[in-house]
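Okay, here's what each chain looks like letter by letter:
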Amino acid sequence: VGFQNQDELTARMEVHCSRLTKKECLDLPEKIYITHYVEMTPQQIKAYDEVKKELITQLDEGTVTAPLAIVGLTKLRQICTGCVITDEGDTKQIPSDRIPVLLRLLDETSGKVIIWCEYQADVEMIMDSLPKGSAVSYYGETSDEDRAHALEAFVHDPEVRYFVGTPSTGGKSLTLIVATTVIYYSFGFNLEHYLQSQDRAHRIGQTSAVTYVHLVCRDRVDEKVLERLRAKEDLSRSVLDNL
């Protein structure tokens, strides 16, 4: 609900570190942020409202716990993408316009594109929807050998336009500056994963502005997650800027 003791946090950090920003060290092009809204299908709305009602009932009865709340939030986020993981570990697809919207955006975009997904099921669903040979995947189930091949193909093969992965696996260390468009098909609460995944395309060697597109269901949990990420980023900035 908010942040406390920011001045104390800054004071405790100050004696242990000095700070230079990326902007002070590197002459990089700008970042452009776009939110692209996706309308939910009737099936998604029905499933979303059922989970939401159950969570509200638990809150009213005082029976909700932190783990249950997290499970409920995760289900709501998955419903927004159209791909829900059941309690038994099975993947259940719900009719959704998210993939068609993504494909339309890709048709309107030139050059290479990075597509980040919070869930492995989203990666697999996107890979099944893209033309064969046009994309590589990079996520938890990908072997080290396949990861090396995927990276090589995306960077050097002109036929491979799309890099589809999870920030938890591919969000660090990789240099993907051949892309100037980054699409967040789905995203989570982890600020480090979010910021690091942005910088795969925005680092030394990038000469063009990088556009970041977030697919969001309006007035749903998507918007709240994005708000929390930005609030965490604001907190980090406010603490560090005072050093």
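Model, not experiment: these values are computed from the prediction.

Quick notes on the rules
- Residues numbered from 1 in each chain as written.
- Predicted model: local features only at pLDDT ≥ 70, side-chain atom pairs only at ≥ 80, totals over all residues.
- Heavy atoms only, no water.
- Helix = DSSP H or I, 4+ residues; strand = E, 2+ residues; numbered from the N terminus.
- Buried < 20%, exposed > 50% of the residue type's maximum accessible area, 1.4 Å probe, protein only.
- Contact = heavy atoms within 4.5 Å.
- Areas by Shrake-Rupley, 256 points an atom, 1.4 Å probe, with all protein chains shown as cover.
- Lys, Arg positive; Asp, Glu negative; His and termini not counted.
- Charge placed at Lys NZ, Arg CZ, Asp CG, Glu CD.
- Axes fitted to C-alpha atoms, helices over the stretch in contact; angles between N-to-C directions.
- Parallel < 35°, antiparallel > 145°, perpendicular 65-115°, else oblique.
- Left-handed = near helix turned anticlockwise from the far one by under 90°.
- Arc of directions from axis to C-beta.
- Phe/Tyr/Trp six-rings, centres within 6.5 Å; stacked < 30°, edge-to-face > 60°.
- Lys NZ or Arg CZ within 6 Å of the ring centre and 35° of its normal.
- Polar contact = N/O pair within 3.5 Å; in protein donor to acceptor, adjacent residues only side chain to side chain.
- Core = buried A, V, L, I, M, F, W, Y, C linked by side-chain atoms within 4.5 Å.

Asker: I'd like a description of the overall build of the protein, backed by residues and values.
Answerer: Along the protein, the regular secondary structure elements total 10 helices and eight strands. Projecting the C-alpha coordinates of the protein onto the three principal axes gives extents of approximately 55 × 55 × 30 Å. Within the span of the protein, comprising 243 residues, buried residues form 41% of the whole. Counting contacts in the protein only where the partners sit at least 6 residues apart, residues at least 24 apart contribute 79% of the total. Summed over all atoms, the accessible surface of the protein reaches about 13700 Å², with 50% contributed by carbon and sulfur. Charge separation in the protein, taken as the distance between the mean sites of 27 positive and 38 negative side-chain charges, equals 3 Å.

Asker: An account of the packing of helix H3 (residues 42-61) against helix H4 (residues 66-81) is requested, with residue identities and associated values reported.
Answerer: Packing of H3 against H4 leaves a shortest axis separation of 9 Å and a crossing angle of 170°. Relative to H4, the element H3 is oriented roughly antiparallel. As for the relative orientation of H3 and H4, their crossing is left-handed in sense. Here H3 contributes Gln44, Ala47, Tyr48, Val51, Lys52, Leu55 and Gln58 to the contact with H4, which in turn contributes Leu68, Ala69, Gly72, Leu73, Lys75, Leu76, Ile79, Cys80 and Thr81.

Asker: Outline helix H5 (residues 98-107), listing residues and values.
Answerer: Where H5 is concerned, the buried positions are Arg98, Ile99, Val101, Leu102, Leu105 and Leu106. The buried residues of H5 all sit within an arc of 160° when viewed along its axis, so they share a single face.

Asker: A description of unusual backbone geometry should follow, citing residues and the corresponding values.
Answerer: Phi angles above zero are rare outside glycine, and asparagine 5 is one such case at about 60°. Summarising the element assignment, asparagine 5 is placed in the segment before helix H1 (6-14). One non-glycine residue, aspartate 219, lies in positive phi territory at about 60°.

Asker: Before we move on, can you summarise the packing of aromatic side chains with the specific residues and values?
Answerer: Scanning the entire structure with this criterion turns up five aromatic pairs. Cluster of aromatic residues (ring-pair linked, three or more members): Trp116, Tyr138, Phe154 and Phe163. Between the NZ or CZ atom of arginine 147 and the centre of the ring of tyrosine 138, over which it lies, the distance is 5.6 Å. Sitting over the face of the ring of tyrosine 37, arginine 218 holds its NZ or CZ atom 3.8 Å from the ring centroid.

Asker: Got a sec to walk through the side chain of glutamine 44? Specific residues and values, please.
Answerer: By secondary structure assignment, the location of glutamine 44 is in helix H3. Look at glutamine 44 and you get buried, because its relative accessible area is 1%. Here threonine 41 takes part through its backbone nitrogen, which lies 3.0 Å from a polar atom of the side chain of glutamine 44. Engagement of the side chain of glutamine 44 in a polar contact is seen with the backbone oxygen of cysteine 80, the distance being 3.1 Å.

Asker: An account of the environment of cysteine 217 is needed here, citing residue identities and associated values.
Answerer: For cysteine 217, the position within the fold is in the loop between strand S8 (210-216) and helix H10 (221-241). Taking the C-alpha atoms as reference points, cysteine 217 and tyrosine 138, 79 residues apart in sequence, are found 25 Å from one another. In this structure cysteine 217 touches Tyr37, Val38, Met40, Cys80, Arg98, Asp222 and Glu223, once residues within four positions along its chain are discounted.

Asker: Which residues make up the nonpolar core, and what values do they have?
Answerer: The biggest cluster of nonpolar side chains holds 36 residues, and the ones touching the most others in it are Ile79, Ile114, Phe154, Phe163 and Val182. Residue contacts for valine 182: discarding those within four places in its chain leaves Ile114, Trp116, Ala201, Val210, Thr211, Tyr212 and Val213. Val113, Ala121, Ile126 and Tyr162 belong to the second-largest nonpolar core, a separate cluster that totals 23 residues.

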